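# Examination of the molecular architecture
If you want the building blocks of each chain, they are given just below.
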Amino acid sequence: MSRTAAAAATMTLALMGLPGVAMAQTPASATAQTAPARQPADAATRASYDRADALARSVFWSNEQQINPMDPIAGVKTAQALRELGQFDQAAETAQGVLTVQPANIEAMLEVGRAHIARGQAFYGIAALEQARAAAPRDWRPLSLLGVAYQQVRRGDDAKAAWTEALRLSPDNPDVLTNAAIARMGEGDAPSAEILLRRAAAQPNATMKVRQNLALSLGLQGKTAEAEQILRRDLPPEVADANLRWLAERTAAAAPVAAAETGGSARTWSSVQGG
């Protein structure tokens, strides 16, 4: 090799080690190493999370919403999970965000209403619930929730009318009956609440929530033995004991149940909820 050729080869090797040359190689290598974009979970995975606890659902659906912020299902499911975790303000905001993307989404309207009811500010959810009622006149759910919202803002006649119409659409619906019963308890009328809750508990699709509210109405009337039977069938011993202590304190004080305690974070009987 001539001295000139050797010098040229040396120069080529030196250039290959310079930063400028290395930078020229970077885009191609970076492209090769870029991770593929995340994809939403498949239908089976999504369905499986309907059986998960609220915390797991909040994490999963929040991730789904990050992947696709325009996904209304992910938005509604996230709002629902946040509400169940007690993050009511965030739940309302999330559900309202879905309506920004999809203004006619009835499920989002219902979640807006539920979140505001749960945080004790039902007034701000009434417009969404009334919109849902107008959009789905054969759906009992907006009416049931409107009854709760109206009761919370002291529109008792409107609440009763909403529940009456909901029961016309869905006779003996345990959720509607439970909501109406809780309103009666909020007014200090536990005997009337008991009648509604026994009717609700007799339905095949009645949930533990219904039975727990029945136990509450019984306990507030001094029917402690029957209330205890219901509590101990459904709840772990320590939770049943705590609820029984709560009942004993309430009946000893002879104080009516406040409406806020049946629908918001102020309640001290943790198993009671309006549905």
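Everything that follows concerns the structure shown earlier in this document.
As the structure is a computational prediction, the values presented were derived from the model and not from experiment.

### What to know about the nonpolar core
Generally speaking, nonpolar side chains in soluble globular proteins are found buried as a group. Formed by 52 residues in total, the largest nonpolar core has its most connected members in Ile117, Leu129 and Trp163. When residues in this core are grouped by element, the largest group, seven residues, is from helix α11 (residues 174-186).

### Some remarks on the side chain of Lys209
Among the structural elements, Lys209 can be located in helix α13 (residues 208-220). At a separation of 3.0 Å, a polar atom in the side chain of Lys209 contacts the side chain of Asp175.

### Here we look at the pattern of salt bridges
For the structure shown, the criterion picks out 19 salt bridges. When the shortest N-O distance is used, the salt bridge between Arg211 and Asp234 registers 2.8 Å. Of this pair, Arg211 sits in helix α13 while Asp234 is found in helix α14 (residues 224-234), placing the two residues 23 residues apart along the sequence. In this structure, Arg232 engages Glu228 in a salt bridge whose closest nitrogen and oxygen atoms are separated by 2.9 Å. With a gap of four residues between them, Arg232 and Glu228 both fall in helix α14, about one helical turn apart. You can call Arg232 partly exposed: its relative accessible area is 38%.

### Comments concerning the packing of helix α9 (residues 140-152) against helix α10 (residues 156-169)
Where α9 contacts α10, the axes come no closer than 8 Å and their chain directions differ by 160°. When the interaxial angle is binned, α9 and α10 end up roughly antiparallel. For the pair α9 and α10, the crossing hand works out as left-handed. Each of Trp140, Leu143, Ser144, Leu146, Gly147, Val148, Tyr150 and Gln151 in α9 lies in contact with α10, whose residues at this interface are Gly156, Asp158, Ala159, Ala162, Trp163, Glu165, Ala166 and Leu169. A per-class count over the contact of α9 with α10 returns ten nonpolar, four polar and two charged.

### Brief notes about α14
The set of residues buried in α14 consists of Ala227, Ile230 and Leu231. Along the long axis of α14, the arc covered by the buried residues comes to 95°, so they all point the same way. Those residues of α14 that are exposed and aimed more than 90 degrees away from the buried face are Ala225, Gln229 and Arg233. Buried residues in α14 make contact with α13 and α15 (237-253).

### A closer look at the environment of Asp71
Within the secondary structure layout, Asp71 lies in the loop between α4 (54-67) and α5 (72-84). Counting along the chain gives 31 residues from Asp71 to Gln102, while the straight-line C-alpha distance between them is 9.4 Å. There is a polar contact of 3.0 Å between the side chain of Asp71 and the backbone nitrogen of Ile73.

### Points about the packing of aromatic side chains
Two aromatic rings are characterised by how far apart their centres lie and by the angle between their planes. In total, this model carries three aromatic pairs according to the counting rule given. Ring plane angle 80° and centroid distance 4.9 Å describe the contact between Phe60 and Trp61, whose orientation is recorded as edge-to-face. For Phe60, a relative accessible area of 11% puts it in the buried group. Owing to a relative accessible area of 2%, Trp61 belongs among the buried residues under this scheme. Relative to Tyr124, the ring of Phe123 has its centre 5.4 Å away and its plane inclined at 90°; by these criteria the two rings are edge-to-face. Cluster of aromatic residues (ring-pair linked, three or more members): Tyr49, Phe60 and Trp61.

### Things to note about a nonpolar patch on the surface
A surface patch of nonpolar side chains, amounting to about 250 Å² of accessible area, comprises Leu55, Val59 and Leu85. Among the structural elements, Leu85 can be located in the loop between α5 and α6 (88-101). On the accessibility criterion, Leu85 (34% relative accessible area) is partly exposed.

### Observations regarding unusual backbone geometry
Positioned with a positive phi, Arg154 is a non-glycine residue whose angle comes to about 65°. Tracing the chain through its elements places Arg154 in the loop between α9 and α10. Using a relative accessible area of 76% as the deciding quantity, one classes Arg154 as exposed. Although it is not a glycine, Asp172 sits at a positive phi angle of roughly 60°. Residue placement: Asp172 occurs in the loop between α10 and α11. A relative accessible area of 28% means that Asp172 is categorised as partly exposed.

### Points about α6
The end-to-end C-alpha distance of α6, which contains 14 residues, comes to 21 Å, matching closely the 20 Å that a straight helix rising 1.5 Å per residue would cover. Of the residues making up α6, those classed as buried are Phe88, Ala91, Ala92, Thr94, Ala95, Val98 and Leu99. Projected onto a plane normal to the axis of α6, the buried residues spread over an arc of 165° and lie on a single side. Along α6, exposed side chains directed more than 90 degrees from the buried face belong to Asp89, Glu93 and Thr100. On its buried side, α6 packs onto α4, α5 and α7 (106-118).

Cut-offs and rules
- Residues numbered from 1 in each chain as written.
- Predicted model: local features only at pLDDT ≥ 70, side-chain atom pairs only at ≥ 80, totals over all residues.
- Heavy atoms only, no water.
- Core = buried A, V, L, I, M, F, W, Y, C linked by side-chain atoms within 4.5 Å.
- Buried < 20%, exposed > 50% of the residue type's maximum accessible area, 1.4 Å probe, protein only.
- Helix = DSSP H or I, 4+ residues; strand = E, 2+ residues; numbered from the N terminus.
- Polar contact = N/O pair within 3.5 Å; in protein donor to acceptor, adjacent residues only side chain to side chain.
- Salt bridge = Lys/Arg side-chain N within 4 Å of Asp/Glu carboxyl O.
- Axes fitted to C-alpha atoms, helices over the stretch in contact; angles between N-to-C directions.
- Parallel < 35°, antiparallel > 145°, perpendicular 65-115°, else oblique.
- Left-handed = near helix turned anticlockwise from the far one by under 90°.
- Contact = heavy atoms within 4.5 Å.
- Nonpolar A, V, L, I, M, F, W, Y, C, P; charged D, E, K, R; others polar.
- Arc of directions from axis to C-beta.
- Phe/Tyr/Trp six-rings, centres within 6.5 Å; stacked < 30°, edge-to-face > 60°.
- Patch = residues over 30% accessible without salt bridge, like charges linked within 9 Å, V, L, I, M, F, W, Y side chains within 5 Å.
- Areas by Shrake-Rupley, 256 points an atom, 1.4 Å probe, with all protein chains shown as cover.
- Expected span 1.5 Å × (residues − 1).

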